[in-house]
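# A structural walkthrough
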Amino acid sequence: MGCSKSKEARVAERQADGKRGRGGRRAAKDHLFSPTSPENSTGSASTALTGPSAQLQAWIDSHSEVTLSKSTCKRYTEVKKLFKSISVPYFLLELDQAENGRGLEGALCELTLKTDVPVVFVKRRQLGGHGPTLKAYQEGRLQNLLKMNGPGDLPESYDYDLIIVGGGSGGLAAAKEAAKYDKKVMVLDFVTPTPLGTRWGLGGTCVNVGCIPKKLMHQAALLGQALRDSRNYGWNVEEIVKHDWERMTEAVQNHIGSLNWGYRVALREKKVTYENAYGQFVGPHRIKATNNKGKEKIYSAERFLIATGERPRYLGIPGDKEYCISSDDLFSLPYCPGKTLVVGASYVALECAGFLAGIGLDVTVMVRSILLRGFDQDMANKIGEHMEEHGIKFIRQFVPIKVEQIEAGTPGRLRVVAKSTDSDITIEGEYNTVLLAIGRDACTREIGLENVGVKLNEQTGKIPVTDEEQTSVPYIYAIGDVLEGKLELTPVAIQAGRLLVRRLYGSSTVKCDYENVPTTVFTPLEYGACGLSEEKAVEKFGEENIEVYHSHFWPLEWTIPSRDNNKCYAKIVCNIKDSERVVGFHVLGPNAGEVTQGFAAALKCGLTKDQLDGTIGIHPVCAEVFTTLSVTKRSGENILQTGCG
């Protein structure tokens, strides 16, 4: 059954009738487009697509110029005259005449955070109201927007087949993959120094200031614990074992330096052009590269890949950028940080707090709300409890409001003033170092995306993409941490980059699978996870349709030194209605990442509880606990491990 035309469509048609030439064709001077509701493939109106927000977005996406106003608005007359004078087809929707005007008005307010009209969108960009639109025309910005990505503004030929903006793990993987297809590829990579001046080489966050140095420093902390344990195994180790921060960081940075060099050599061998320059889009298929001396070059390419990643967020309080450090600074810090306040509850915060405490430093973690937001909260709380039991202090429900320097030095002394999140109470504390780990922001706002029309989530800076990593501009793609709603993990970016290139230049149709991706948090008690958290499983399937099997366990290696008895924990979350298929895997214990990786493959293959029960475990190892899980969480039975079997 067909759909009747909306009231706004009929109004638009009536307005247009008097302007049509013979044969019903629109005369050249007529630039009014009529609103049409999105329809599904069967021709019937799709409820999912015709809600006010979706309807509004569809109109904005499908027209070069969209103006939302009211029939009583006098300011729109001047806007309308402007678009007619420059022969621009425009789409007008008068909210007070529309069938679902109230709903559309609410959707507009939610989208723009404005209540007044008119509101003008050009090439999906919110230009503003009457004043900003006229000003944009006077300054030439409106004309540039309208020309953006038009056929008359394209290069006659391209310098490169593919230019990749960002030399992290994902960007480099895509570059090397594209070179296999004999494509002409360029990588632009530039590290904007931190407020304290820290910068690094090719390879991105993971290699330079993320996974690699973090895991190595975590290993340093584990070795300290192993030295203490070794006494119980007969080793004569001095009672006081000291750690040398400078020696550790030198070794870590030497390793990172070798990786930086290796990446440059690999690109050269594959004939990929690398420039240490900051990339900014300046027009259709064109990008400006600015090196550290300020020299600019313009390059063109048939396609672009955005892989710029994220950088740590700052608090925006007095003293944060002057006196605090971030994870971008920590791993190459030339002096021991001393007594440290870690601000944040992210995995970066807890991992850093863990290894700093593990090498013998006095560490406090200041937490605004919950630990490890987005992770399974049962596991997150167990991590926090274990860290507290091992001497890491937590200040909960407080946020810093000011950081002051008491004494300069390496390290110096800082005073931190913090305020409660639920009262007017303030507290003060003195520390040698304040490490901020409160989250990360996508590096997308300063690379000229507005010049080519790439749509951003204005609040987060993240880029919405299709299931093939394509942005709102067909020739521009994006991978990695800049993507909206995708996991921020290095192996995910690498996989997505390689598969994207194989689809673009090979015959592949394989897309990146963002489901059941394993990950590990390298806290002192490591946490490995794959699939859904318990909370997400309940939300998705309903509490009555999931079964949680769990158990504590005690690694054999820890029994001789008699530490952390029954602190390790294993849990699987099963979907009862799907043959108890395992939809969530969680483990707290040593080598959690090594354990989780293998089980991740099993989850990909549709692992069920029966299959786990039918698997014979390796004895005595931690992972065998998953082959003997028998106690459900809802039963409330004892899950402490008392011996073998």
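Quick caveat, the model's predicted, so the values are computed rather than measured.

### Regarding the overall build of the protein chain
- Within the protein chain, the secondary structure is distributed over 18 helices and 27 strands.
- Counting only C-alpha atoms, the protein chain reaches 100 × 60 × 60 Å along its principal axes.
- Residues classed as buried in the protein chain amount to 48% of the 645 residues present.
- Taking the contacts inside the protein chain whose residues are at least 6 apart along the sequence as the reference set, 63% of them involve residues at least 24 apart.
- Each charge class in the protein chain can be summarised by its mean position, and for the 78 positive and 78 negative side chains these summaries are 8 Å apart.

### Structural notes on the packing of helix H3 (residues 75–85) against helix H5 (residues 130–139)
- The N-to-C vectors of H3 and H5 enclose an angle of 25°; their axes lie 9 Å apart at closest approach. Considering the angle they form, H3 stands roughly parallel to H5. Remark: the crossing between H3 and H5 carries left-handed chirality. For the pair H3 and H5, the contacting residues are Arg 75, Glu 78, Val 79, Leu 82 and Phe 83 in the first and His 130, Thr 133, Leu 134 and Tyr 137 in the second.
- Here the residues of the contact of H3 with H5 sort into 5 nonpolar, 2 polar and 2 charged.

### A word on the sheet that holds strand S23 (residues 519–521)
- Ordered by their spatial adjacency, 5 strands build an open sheet running S23-S24-S27-S26-S25, and the pairing between neighbours is antiparallel. Two strands bound the open sheet, and with one partner strand each, they are S23 and strand S25 (546–553). With strand direction ignored, the average angle separating the axes of adjacent strands in the sheet is 15°.
- Strands S25, strand S26 (568–575) and strand S27 (581–588) of the sheet are contacted by helix H16 (residues 534–541), whose axis makes an angle of about 165° with S25.

### So, the nonpolar core
- Counting residues in each nonpolar core, the largest one holds 71 residues, and the members touching the most others are Leu 330, Ile 572, Phe 585 and Phe 626.
- Contacts of Leu 330, omitting those with residues within four sequence positions, involve Trp 245, Ile 325, Cys 352, Phe 355, Leu 356 and Leu 435.
- In this structure, Tyr 160, Leu 172, Val 454 and Cys 512 belong to the second largest nonpolar core, which totals 54 residues.

### Things to note about the UniProt feature "domain: Pyridine nucleotide-disulphide oxidoreductase dimerisation" (unreviewed entry) in the protein chain
- Under the feature "domain: Pyridine nucleotide-disulphide oxidoreductase dimerisation" (unreviewed entry), the UniProt entry names residues 517–628.
- Segment residues 517–628 splits into 23% helix and 29% strand. End C-alpha atoms: 24 Å apart.

### A word on the UniProt feature "domain: FAD/NAD(P)-binding" (unreviewed entry) in the protein chain
- Feature annotation in UniProt places "domain: FAD/NAD(P)-binding" (unreviewed entry) on residues 160–497, given in this structure's numbering.
- Strand forms 26% of residues 160–497 and helix 31%; the C-alpha atoms that close the span are 18 Å apart.

Rules used throughout
- Residues numbered from 1 in each chain as written.
- Predicted model: local features only at pLDDT ≥ 70, side-chain atom pairs only at ≥ 80, totals over all residues.
- Heavy atoms only, no water.
- Helix = DSSP H or I, 4+ residues; strand = E, 2+ residues; numbered from the N terminus.
- Buried < 20%, exposed > 50% of the residue type's maximum accessible area, 1.4 Å probe, protein only.
- Contact = heavy atoms within 4.5 Å.
- Lys, Arg positive; Asp, Glu negative; His and termini not counted.
- Charge placed at Lys NZ, Arg CZ, Asp CG, Glu CD.
- Axes fitted to C-alpha atoms, helices over the stretch in contact; angles between N-to-C directions.
- Parallel < 35°, antiparallel > 145°, perpendicular 65-115°, else oblique.
- Left-handed = near helix turned anticlockwise from the far one by under 90°.
- Nonpolar A, V, L, I, M, F, W, Y, C, P; charged D, E, K, R; others polar.
- Pairing = 2+ DSSP bridges.
- Core = buried A, V, L, I, M, F, W, Y, C linked by side-chain atoms within 4.5 Å.
- UniProt positions renumbered as here; feature names shortened; annotations may be inferred.

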